[in-house]
Amino acid sequence: MLNNLDYKYLRNMMLKHLGIDISIYKPQFIQRRLLARMRTLNISSVDEYIMYLKKNPHELSFLLDNMTINVSQFFRDAHVWEAVREQVFKPLILSKKKRGSRTLRIWSAGCARGEEPYTISILLHELLGLNLSGFTITILATDLDPNAIKLAKIGEYDARSLIETPSSLLRKYFYYDEVKGKFRIKEYVKRLVKFKVHDVTQTPPMMFIDVIFCRYLLIYLSKDAQLRVLSNFYRVLNSRGYLILGASEFLPEKAHNMFITVNLKARIYRKRI
């Protein structure tokens, strides 16, 4: 088990060398990820791992990789994306047109290797078609892990990342590289997405946002960190802006005064005004 002294040392090292405060995570999550890293190194005790860390400070980057869960897929949870299409993007686009606005601002928080923001781009291409050029669209994709952001910018994926992607969309929006055995997202899809390394518990990277996707991230954070993140989301969302969480995540009770439920099954919420 990770005792208080070892935890403080680990936290201080992460803050000093990576600028990451691991106190945002639930203690049991830190424990699980630490044990997973120890198994990889064939280290049997926390004390032994701390000694290894002192001799090999570069190990902190590998531990960070273990703490940032970069497992995702295109169109993960198909029913969610159908609900996003019908209950978020369609009414949002219609509302923008009625008001004479042509700006869409979307934040994918905790974007991992880019599957989610590229899915958003594909969905908007499908919805808007030739009218896409009539809109100024910003999809900002952020993640704590610099390695994940680096891979996301490349935009290459193996087949397991695409198992929920309809074959028609796979043919339309991806190239297949036979040499690498990977699918590569097409450039015009990539052009809508901007990537940035960012800690979701810190000051949001932009304001006046229409939709925030934060799926399968809050579940790993402490209750205090969750409320801090949700308060930040509330502050930067436009009036009646949307928030989409992961299928296993619920709004904490203290956040009910910030958001109303649009679709509970799909975890779609809307900013209270």
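Preceding block: the structure.
Residues take numbers from 1 onward in each chain, read along the sequence in its written order. Residues qualify for local features only when their pLDDT is at least 70, as the model is predicted, and side-chain atom pairs are given and counted only at 80 or more; totals for whole chains, interfaces and linings, by contrast, use all residues. For the side-chain quantities, the full set of heavy atoms in the structure was used; hydrogens and water were omitted.

K.L.:
Please provide a residue-by-residue account of the sheet that holds strand β7 (residues 209-214), values included.
P.N.:
Strand pairing is defined by DSSP finding a minimum of two bridges between the two strands. For the purposes of this entry, the term helix denotes a DSSP run of H or I that reaches at least four residues, the term strand denotes a run of E that reaches at least two, and both are numbered from the N terminus. Pairing is mixed in the open sheet, where seven strands are placed in the order β6-β2-β1-β7-β8-β10-β9. Of all strands in the sheet, those with a lone pairing partner are β6 (193-197) and β9 (259-263), marking the two edges. Sheet twist, expressed as the mean angle between neighbouring strand axes with direction ignored, is 20°. Judged from the four bridges that link them, β9 and strand β10 (residues 268-271) form a sheet pairing that is antiparallel. Looking across to β10, one finds that Phe 259 is bridged to Lys 271. Sheet strands in contact with helix α7 (residues 146-154) are β2 (136-143) and β6, and its direction is about 160° off that of β6. Orientation is described by lines fitted to C-alpha atoms, with helices fitted over the stretch in contact, and by angles between N-to-C directions that extend from 0 to 180 degrees. Residue contacts follow a heavy-atom distance rule, with two residues in contact if any of their heavy atoms lie within 4.5 Å.

K.L.:
Quick one: what's the story with the packing of aromatic side chains, residue by residue and with numbers?
P.N.:
Working definition: rings of Phe, Tyr and Trp (its six-membered ring) pair if their centres are within 6.5 Å, and the pair is stacked with planes under 30 degrees apart, edge-to-face with planes over 60 apart, and tilted otherwise. Going through the model one piece at a time under the given rule, you end up with 13 aromatic pairs. Ring centres of Tyr 173 and Tyr 188 lie 6.1 Å apart, and the angle between their planes is 55°; on these two criteria the pair is classed as tilted. Of this pair, Tyr 173 sits in helix α8 (residues 167-173) while Tyr 188 sits in helix α9 (residues 187-190), and the two are 15 residues apart along the sequence. Think of it in three bands: residues with accessible area under 20% of the maximum for their type are buried, residues over 50% are exposed, and the middle band is partly exposed, with areas taken using a 1.4 Å probe on protein chains only. The exposure class of Tyr 173 is buried, given its relative accessible area of 1%. On the numbers, 4.8 Å between centres and 50° between planes, the contact of Tyr 176 with Phe 183 is tilted.

K.L.:
Residue-level account of the side chain of Asp 143, with values.
P.N.:
Position of Asp 143 relative to the elements: it lies in strand β2. Of the side chains bearing the opposite charge, Arg 113 lies closest to the buried Asp 143, which forms no salt bridge; the N-O distance is 9.4 Å. Only 2.9 Å separates the side chain of Asp 143 from the backbone nitrogen of Ala 112, close enough to count as a polar contact. For the purpose of counting charges, residues Lys and Arg are taken to be positive, whereas Asp and Glu are taken to be negative. His and the chain ends are not included. A side-chain nitrogen of Lys or Arg and a carboxyl oxygen of Asp or Glu constitute a salt bridge if their distance falls within 4 Å. Contacts described as polar in this section are N or O atom pairs within 3.5 Å, which, within protein, must combine one atom able to donate a hydrogen with one able to accept it, while residues neighboring in sequence count only if both atoms come from side chains.

K.L.:
So, the sheet that holds strand β3 (residues 156-157): which residues are in play, and what are the values?
P.N.:
In any sheet, the strands associate via hydrogen bonds between backbone groups, in a parallel or an antiparallel arrangement. A sheet is described by the order of its strands in space; here three strands give the open sequence β3-β5-β4, paired in antiparallel fashion. In this open sheet, the two edge strands, each paired with only one partner strand, are β3 and β4 (174-177).

K.L.:
Explain the state of the cysteines to me, and be specific about the residues and the numbers.
P.N.:
Two cysteine sulfur atoms form a disulfide, by the criterion used here, when they sit within 2.5 Å. In the structure shown here, the tally under the stated rule is zero disulfides. No disulfide involves Cys 111; its sulfur sits 11 Å from the nearest other cysteine sulfur, which is in Cys 214. The class for Cys 111 is buried, based on a relative accessible area of 1%. What makes Cys 214 buried here is its relative accessible area of 0%.

K.L.:
Quick rundown of unusual backbone geometry? Include the residues and the values.
P.N.:
Positive phi values are uncommon outside glycine, yet Ala 112 reaches one of about 55°. Considering the arrangement of structural elements, one finds Ala 112 in the loop between β1 (103-109) and α6 (115-128). Under the relative-accessibility criterion, Ala 112 is labelled buried at 4%.

K.L.:
Before we move on, could you go through the packing of helix α1 (residues 4-18) against helix α3 (residues 46-55) and cite the residues and values that matter?
P.N.:
Where α1 meets α3, the axes come as close as 11 Å, and the angle between the chain directions of the two elements is 25°. The angle between α1 and α3 falls in the class roughly parallel. Once α1 is placed against α3, the crossing between them reads as left-handed. Where α1 abuts α3, its residues Asp 6, Tyr 9 and Leu 10 lie against Val 46, Asp 47, Ile 50, Leu 53 and Lys 54. Each residue gets one of three labels, nonpolar for Ala, Val, Leu, Ile, Met, Phe, Trp, Tyr, Cys and Pro, charged for Asp, Glu, Lys and Arg, and polar for the others, Gly among them. Grouping the amino acids of the contact of α1 with α3 by side-chain chemistry returns five nonpolar, no polar and three charged. Any angle between 65 and 115 degrees counts as roughly perpendicular, while under 35 counts as roughly parallel, over 145 as roughly antiparallel, and the rest as oblique. Left-handed describes a crossing in which the near helix is turned anticlockwise from the far one by less than a right angle; the clockwise case is right-handed.

K.L.:
Run through helix α4 (residues 59-67), naming residues and quoting values.
P.N.:
Glu 59, Leu 60, Leu 63, Leu 64, Asn 66 and Met 67 are the residues of α4 that are buried. Each buried residue of α4 sits inside an arc of 155° when the element is viewed along its axis, so together they form one side. Check the buried side of α4 and you find it contacts α1, α2 (27-40), α3 and α7. Taking the helix axis as origin, the arc is that swept by the directions to the C-beta atoms.

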